[in-house]
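For reference, the chains in residue letters:
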Amino acid sequence: MEKEPLLQINEVTRKFGEVCVLNRLSMAVQRGEIFGLLGLNGAGKTTLFKCILKLIETTEGAILYANKPLDVPIIHEKIGYLPEFYLPPGELKAREYLNLLGMAVSGPKPDVDALLQKTDLDPHKLIGEYSRGMIQRLGLAIALLKSPEFIILDEPTLGLDPLVRVRLLDWLKELNSQGKTILLSSHDFAQVEKVCQRIAVLHNHQLRYIGPLTDFLEQHKVDSLEDAFLKEIGDIHA
Amino acid sequence: MRKMLAMASITFLQGFRTQTFRIVGMLFVAIMAMTYTLRILSIGHKEMMLRSFGLSIMEISSLLLIIFGCVSSFYRERESRLQAIHLTYVSAFDHVLGRLLGNCMLVGAYTLLATIGCSAVLWHEGAFSWVFIFGAWSIFLKLCIICVFCSLFANLFTSPVFASLMTVFVYFAAEYASYPLAMMRRSPSVVPEGVSRMVYHLLPNFDKIDLKYSAIHGESVATMLLIEITLYTLIYMTVVFIPAWRVFARHEH
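Residues numbered from 1 in each chain as written. Chains lettered and ligands numbered in written order. Predicted model: local features only at pLDDT ≥ 70, side-chain atom pairs only at ≥ 80, totals over all residues. Heavy atoms only, no water.

> Explain the overall build of chain A residue by residue, including any values.
Helices and strands together make up the secondary structure of chain A, namely nine helices and ten strands. Its C-alpha atoms give chain A principal-axis dimensions of roughly 50 × 40 × 40 Å. Residues counted as buried form 53% of the 238 residues belonging to chain A. For chain A, restricting intrachain contacts to residue pairs at least 6 apart in sequence, the fraction spanning at least 24 positions comes to 66%. If you average the places of the 27 positive and of the 32 negative side-chain charges in chain A, the two averages end up 3 Å apart. (Helix = DSSP H or I, 4+ residues; strand = E, 2+ residues; numbered from the N terminus. Buried < 20%, exposed > 50% of the residue type's maximum accessible area, 1.4 Å probe, protein only. Contact = heavy atoms within 4.5 Å. Lys, Arg positive; Asp, Glu negative; His and termini not counted. Charge placed at Lys NZ, Arg CZ, Asp CG, Glu CD.)

> Describe the overall build of chain B, with residues and values.
When its secondary structure is counted, chain B shows twelve helices and zero strands. Helices and strands in chain B line up, N terminus first, as α-α-α-α-α-α-α-α-α-α-α-α. Relative to the globule expectation of 18 Å for 253 residues, the C-alpha radius of gyration of chain B, 19 Å, shows essentially globular dimensions. Burial status across chain B gives 54% buried among its 253 residues. For chain B, the share of sequence-separated contacts (at least 6 apart) that also reach a separation of at least 24 residues comes to 80%. Surface accessibility of chain B: about 11900 Å² in total, with carbon and sulfur atoms responsible for 74%. Separation between the mean location of the 19 positive side-chain charges and that of the 13 negative ones in chain B comes to 6 Å. (Rg over C-alpha atoms; globule rule 2.2 N^0.38 Å. Areas by Shrake-Rupley, 256 points an atom, 1.4 Å probe, with all protein chains shown as cover.)

> Could you give an account of the packing of helix H8 (residues 213-220) of chain A against helix H9 (residues 225-232) of chain A, naming the residues involved and the relevant values?
All names here are of chain A. Direction vectors running N to C along H8 and H9 enclose 65°, while the axes themselves pass 9 Å from each other. Note that H8 runs across H9; the crossing there is left-handed. Residues Leu213, Phe216, Leu217, Gln219 and His220 of H8 pack against Leu225, Ala228, Phe229, Lys231 and Glu232 of H9. Of the residues in the contact of H8 with H9, the class split is six nonpolar, two polar and two charged. (Axes fitted to C-alpha atoms, helices over the stretch in contact; angles between N-to-C directions. Left-handed = near helix turned anticlockwise from the far one by under 90°. Nonpolar A, V, L, I, M, F, W, Y, C, P; charged D, E, K, R; others polar.)

> Describe in detail the nonpolar core, supporting the description with residues and values.
Ranked by internal contacts, the top residues of the largest apolar core, which has 66 residues, are Phe28(B), Leu55(B), Met58(B), Ile66(B) and Leu100(B). Among the elements of the structure, helix H2 (19-37), helix H3 (46-76), helix H5 (92-124), helix H6 (131-156), helix H7 (160-176), helix H10 (206-209), helix H11 (212-217) and helix H12 (223-252) of chain B are those that each provide at least two residues to this core. Leu121(A), Cys196(A), Val222(A) and Phe229(A) belong to the second-largest nonpolar core, a separate cluster that totals 53 residues. (Core = buried A, V, L, I, M, F, W, Y, C linked by side-chain atoms within 4.5 Å.)

> Give a description of the sheet that holds strand S1 (residues 5-16) of chain A that names residues and reports values.
Residue and element names in this part refer to chain A. Ordered in space as S2-S1-S4-S5, the four strands form an open sheet in which the pairing is antiparallel. Here the strands that pair on one side only, and so sit at the sheet edges, are strand S2 (19-30) and strand S5 (68-69). With five bridges joining them, S1 and strand S4 (residues 60-65) adopt antiparallel strand pairing. Across the sheet, the residue bridging to isoleucine 9 is isoleucine 63, located in S4. (Pairing = 2+ DSSP bridges.)

> Mind laying out the confidence of the model for chain A, listing which residues take part and the relevant values?
With 97% of its residues at a pLDDT of at least 70, chain A reaches an overall mean of 84. Of all secondary-structure elements in chain A, the lowest mean pLDDT belongs to helix H2 (residues 72-78) of chain A, at 82, while strand S8 (residues 181-185) of chain A reaches the highest, 92. (pLDDT = per-residue confidence, 0-100.)

> Any chance you could break down the side chain of Gln8(A) for me, citing the residues and the numbers?
Position of Gln8(A) relative to the elements: it lies in strand S1. What Gln8(A) contacts, discounting residues up to four positions off in sequence, is Met27(A), Ala28(A), Ala62(A), Ile63(A), Leu64(A) and Asn67(A).

> Let's hear about the environment of Glu193(B): which residues, and what values?
Residue and element names in this part refer to chain B. Examined against the element boundaries, glutamate 193 turns out to sit in helix H9 (residues 190-202). As for glutamate 193 and methionine 1, which are separated by 192 residues in sequence, their C-alpha atoms are 44 Å apart. When sequence neighbours within four positions are dropped, the list of residues in contact with glutamate 193 reads Leu181, Met184 and Arg185.

> Account for H7(B), naming residues and giving values.
Residue and element names in this part refer to chain B. Taking 1.5 Å per residue as the helical rise, H7 with its 17 residues ought to reach 24 Å, and the 24 Å between its terminal C-alpha atoms agrees with that figure. For H7, the full list of buried residues reads Ala163, Ser164, Thr167, Val170, Tyr171, Ala174 and Glu175. The buried residues of H7 occupy one face: seen down the axis, they fall within an arc of 130°. Residues of H7 that are exposed and point more than 90 degrees away from the buried face comprise Val161, Leu165 and Phe169. (Expected span 1.5 Å × (residues − 1). Arc of directions from axis to C-beta.)

> With reference to specific residues and values, describe helix H6 (residues 162-177) of chain A.
The α-helix winds at 3.6 residues per turn, so residues separated by three or four positions along the chain end up facing the same way. All names here are of chain A. The terminal C-alpha atoms of H6, which comprises 16 residues, lie 23 Å apart, in line with the 22 Å expected from a rise of 1.5 Å per residue. Three or more residues of H6 are buried, namely Val164, Leu168, Leu169, Trp171, Leu172, Leu175 and Asn176. Looking straight down H6, one finds that the buried residues subtend no more than 160° of arc, so they occupy a single side. Facing away from the buried side of H6 by more than 90 degrees, the exposed set consists of Pro162, Leu163 and Ser177. Residues of H6 that are buried sit in contact with strand S3 (34-39), helix H4 (112-119), helix H5 (132-145), strand S7 (150-154), S8 and helix H7 (189-195). Phi turns positive one or two residues past the end of H6, at glycine 179, with a value near 105°.

> Describe unusual backbone geometry, and please don't skip the residues or the numbers.
Residue and element names in this part refer to chain A. At alanine 66, a residue that is not glycine, the phi angle is positive and equals roughly 50°. Considering the arrangement of structural elements, one finds alanine 66 in the loop between S4 and S5. With phi around 50°, lysine 221 is a residue other than glycine that occupies positive phi space. With respect to the helices and strands, lysine 221 occurs in the loop between H8 and H9. Taking the relative accessible area as the measure of exposure, lysine 221 reaches 74% and is therefore exposed.

> Before we move on, could you go through the packing of H4(A) against H5(A) and cite the residues and values that matter?
Residue and element names in this part refer to chain A. The N-to-C vectors of H4 and H5 enclose an angle of 145°; their axes lie 10 Å apart at closest approach. Taken as a pair, H4 and H5 cross one another with a handedness that is right-handed. Where H4 approaches H5, its residues Val112, Leu115 and Thr119 are matched on the opposing element by Arg137, Ala141, Leu144 and Leu145.

> I'd like a rundown of the pairing of strand S9 (residues 198-203) of chain A, residues and numbers included.
All names here are of chain A. Taken across its six residues, S9 has six buried, putting it largely inside the fold. Judged from the five bridges that link them, S3 and S9 form a sheet pairing that is parallel. In the sheet register, leucine 37 faces S9, and the bridge partner there is alanine 200. As judged from the six bridges shared by S9 and strand S10 (residues 206-212), these two strands associate in the antiparallel manner. Opposite arginine 198, over in S10, you have proline 212 as the bridge partner. Counted between consecutive antiparallel strands, the loop separating S9 from S10 contains two residues, among which asparagine 204 sits at a positive phi close to 50°.

What follows is the structure, given as structure tokens:
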């Protein structure tokens, strides 16, 4: 049975001058799923995320959230976001930063200690002294601070070592089992295969596929997502 | 309110721990030490010289802190507003006011530390006067006005260098706006005087706010004057804050 769509992207186009980065893109993310957005560098994944978050405006089209036009208060209340290159203030300590951000969160006070424990971060160290992987984990903790129902993760495993990557994926599954809807982009196809139920393939600024991951593999008669993806975009090595 | 205070606290802590804050602080200490060493050259005016240099160095170094610290702080997240997203719903008003308040707190903390340091030196030399504190307060008020201009320019212009230059320009224009007005009063034509008067009233009247002269000469300051200059600063800041907030909100949507 088809689930209820939580985020609907209808005919969204985004142009930068004459360059069309997103061309009449339509897709829907269903409530309670982990949805993977795949594409080469420059395909428009981050631009789409920025359009969803209203960090940039769409040239045409509409974005709906729970069948309502997505506006800034909804974004701030319901959506958590981890950007690709997250740069938190290096002069603050993780606990300080989370506490200050938590101060502004509406509703119940977030459990900063639990988040720090989950991310395995040293709360007494300055953020500027953190490694790339630690900053990614901090970014995820911040995205979860307001307990959003929809989480957007742009390359969440970028720069993470294998152990941390596995733990992060387990955490994503756990969040999903708690009812969170997750939209993530990644170049790590093995990771996408492990966690995502449905995927979309963005190539040359257009949507080439959207649907269940298993159907995508069947359609291309291959076992790995990477091979299927390369076939889809017409790579001769596939 | 909580969201605005969270933004202000983050801005303050960030600014307080940056290298810029330390460098500006060291610059202040170095010039103050030099002033202290050279005090013997001001025979008969040692106290006034120490008070004058103390306040002037405090003002100039705070201005450097605004130019190199606060401008970059305003720019840091102007484009992305990521912090605001993390902070659930932070309105443009809370965002701009929080950043402004944080930077004013930063300048306030710097002025306070500099005042304590200067006062200790003055005390040691028997040159301390309570009016010195009022002089420092007037410097803080002037710098708060510069901070709000800094916020306006950071929201108006895409280049931080241009915003910094404009901030410096406003500071010096406000500092010296009373001189052309005094000169034009002697002009036979009404037009130049009218223009000078208009410019003078548009710019913050630093000549009225500034209590350095009284502080240096140890002249007492009326409580009413202190209240008036504080109120004037608050009203002026509100007037400049409104376009800064509107420009930010326009960028957002």
